[in-house]
Amino acid sequence: MDLVLIGEILSGLMFFGIIGFLMMGFPVAFTLAGVSLLFGLAGWAIGVFDPSNFGSLPGRYIGFMSSEVLVAVPLFIFMGVMLERSRIAEQLLLTMSKLFGNLRGGLGLSVVIVGAMLAASTGVVGATVVTMGLISLPAMLRAGYDPKLATGVICSSGTLGQIIPPSTVLIFMGDMLSGINSQVQMEKGNFAPTPVSVGDLFAGALLPGVMLVVLYSLWIVFKAITDPDSCPATPVPEAEKRGLWREVAVALVPPLLLIMAVLGSILGGVATPTEAASVGVVGAIILAALRWRLSPKVLHETVVATATITSMVFIILFGASVFSIVFRLMGGDNLVHEFLTNLPGGTVAAVIVVMAIMFVLGFILDTFEIIFIVIPITAPILLALDVDPIWLGVLVGMNLQTSFLTPPFGFALFYLRGVAPANLPTSAIYRGIIPFVVLQMIGIAILFLFPGIVTWLPTVL
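Asker: Looking at this model, I keep getting lost on the environment of I352. Mind explaining?
Answerer: Position of I352 among the secondary structure elements: in helix α16 (residues 346-361). Since its relative accessible area comes to 45%, I352 is described here as partly exposed. Sequence separation between I352 and A445 is 93 residues, and the spatial gap between their C-alpha atoms is 10.0 Å.

So this is what it looks like as structure tokens:
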């Protein structure tokens, strides 16, 4: 048998082998590296892989660790954890529930708005879902909300941090697409390609993020009209209405100022994402101090949480580098290239197939696992087919947002299950996210049909 064909078969088996081991519960980073090493050794024995290629790994790892763009990741994580400790989400939720309480579906709308604001100021999905689950879910259930609607709103709103900047997923995606796009353009003879930056991806994701917020809100309004018993009003007592607008101002102004400082400086070209993230860290510390939440204990907990989350993400990235080397050098990229370029329908069909594969992988893999595995394999081919890198990055980001919602491994579902009342069945949480996953698929379809929603703002800026 032809050695090239054997290498392609081994690379395909390695991809499915990794997914199989992950489904059995093995740690992600070690599975990526371990299975890839085993298949690399098998390829060496057969003669389709040269182990000396692993010599490029130290250079890759040093490149990751010295990347100025990726420094923004721990900074944004620190900012998010510190804001969680400052109870900013709690105050926002309580204030918004009073503001919209007189409307049917008002509590649901307040959760969506707060979820969007927390996404734009923290971007930490787990903290957002847990906080809203602890505060809003009991209030919604007491008010007579349908448990499916209540849990669906909380889970979906909590995941907005994956698409609304500053998003750590978009930071990694921007860094990866920048390098891939430069390489692809040089191979096509364009030696002065237009650079792709994380700031471009942030700008491209802003309007799609707002669009998702609008879609969620319209669904709640639709439920309030067609099924008013599922989301009744919760009138606010007259005594609590006094000074409500002052309370709203106190709750809204600090996070809005932080959002303007961080996102405004990036979109306005005043600061890079890393510089803006450092400003966000200082702002989060100041907010915590103003709320009398800043203490050595809180600072220690924030630093430990930041180090833990950052280490987890980067270890997955390091393991994915081993996979990428073995997969590509055994001919896996040729296999994928032939498959995508020979599809009937050309570029449109290739993008649809890649999006479909990512959506299915979202049922069993985490967001970071998917982008570190799939993007290096498919993005070079799609960009070579003249797909806009910013549009592709935002489309992938919105697609992978559903990985937090889709069972059996939807992390937003796990976070909410951990803080939900014991008498709330897990089936209600799983059924509750179905309409919101459909809304996200509608959002993806809109972006697919109207790419200008993504590309307009980066072009203007």
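Moving on from the coordinates now.
Asker: How do you make sense of the environment of V112 when you look at a structure like this?
Answerer: Assignment of secondary structure puts V112 in helix α6 (residues 106-121). V112 sits in the buried class, given a relative accessible area of 1%. Along the backbone, V112 and L93 are 19 residues apart, and their C-alpha atoms lie at a distance of 9.9 Å. Setting aside chain neighbours within four positions, we find V112 in contact with V153, S157, L160, V213, Y216, S217 and I220.

Asker: Would you explain the side chain of T367 in this entry?
Answerer: Here T367 lies in helix α17 (residues 367-384). Judged by relative accessible area, T367 falls into the buried class, the value being 1%. Within polar-contact distance, the side chain of T367 engages the backbone oxygen of L400 at 3.4 Å. Residue contacts for T367: discarding those within four places in its chain leaves Q162, V169, L400, S403 and F404.

Asker: Hey, could you run me through the nonpolar core in this one?
Answerer: Judged by nonpolar contacts, the single largest core of 161 residues is most densely connected at F172, I371 and F372. Those residues within four positions of F372 in sequence are excluded, and the remaining contacts are F172, M176, V313, I316, L317 and A320.

Asker: Explanation requested: the packing of helix α4 (residues 72-85) against helix α9 (residues 168-187) in the structure shown.
Answerer: If you want to describe how two helices pack, look at the angle between their axes and the distance between the axes. For the pair α4 and α9, interaxial distance at closest approach is 10 Å and the crossing angle is 175°. Considering their axes alone, α4 and α9 lie roughly antiparallel with respect to each other. Contact residues: A72, V73, F76 and I77 in α4; T168, I171 and F172 in α9. Here the contact of α4 with α9 is composed, by residue class, of six nonpolar, one polar and no charged.

Asker: Honestly, helix α18 (residues 389-401) in this entry has me stumped. Any pointers?
Answerer: Structurally, the α-helix is built with 3.6 residues per turn, so residues lying three or four positions apart point the same way. Helix length check: α18 (13 residues) gives 18 Å between terminal C-alpha atoms against 18 Å at 1.5 Å per residue, within 8%. Most of α18 sits inside the fold, with 13 of its 13 residues counted as buried. With a side-chain oxygen positioned 2.9 Å from the backbone nitrogen of I390, the residue opening α18 is D388.

Asker: Is there a simple way to explain the state of the cysteines in this structure?
Answerer: Disulfides are covalent bonds that link the sulfur atoms of two cysteine residues. Evaluation of the coordinates by the stated rule reveals zero disulfides. Here C155 stays free of any disulfide, with the sulfur of C231 as its closest cysteine sulfur at 17 Å. Given a relative accessible area of 0%, C155 falls into the buried group. For C231, a relative accessible area of 0% puts it in the buried group.

Asker: What is the right way to read the pattern of salt bridges from this model?
Answerer: Oppositely charged side chains may form a pair once their charged atoms are brought near each other. Enumeration over the complete set of coordinates arrives at two salt bridges. In this structure, the salt-bridge partner of D146 is K148, at a minimum N-O distance of 3.4 Å. On the basis of relative accessibility, which here comes to 28%, the residue K148 falls in the partly exposed class. Note that D227 and K223 form a salt bridge whose closest N and O atoms lie 3.8 Å from each other. By relative accessible area, which is 29% here, D227 ends up partly exposed. Among the residues examined, K223 registers a relative accessible area of 17% and is labelled buried.

Analysis parameters
Residues numbered from 1 in each chain as written. Predicted model: local features only at pLDDT ≥ 70, side-chain atom pairs only at ≥ 80, totals over all residues. Heavy atoms only, no water. Helix = DSSP H or I, 4+ residues; strand = E, 2+ residues; numbered from the N terminus. Buried < 20%, exposed > 50% of the residue type's maximum accessible area, 1.4 Å probe, protein only. Contact = heavy atoms within 4.5 Å. Polar contact = N/O pair within 3.5 Å; in protein donor to acceptor, adjacent residues only side chain to side chain. Core = buried A, V, L, I, M, F, W, Y, C linked by side-chain atoms within 4.5 Å. Axes fitted to C-alpha atoms, helices over the stretch in contact; angles between N-to-C directions. Parallel < 35°, antiparallel > 145°, perpendicular 65-115°, else oblique. Nonpolar A, V, L, I, M, F, W, Y, C, P; charged D, E, K, R; others polar. Expected span 1.5 Å × (residues − 1). Disulfide = S-S within 2.5 Å. Salt bridge = Lys/Arg side-chain N within 4 Å of Asp/Glu carboxyl O.

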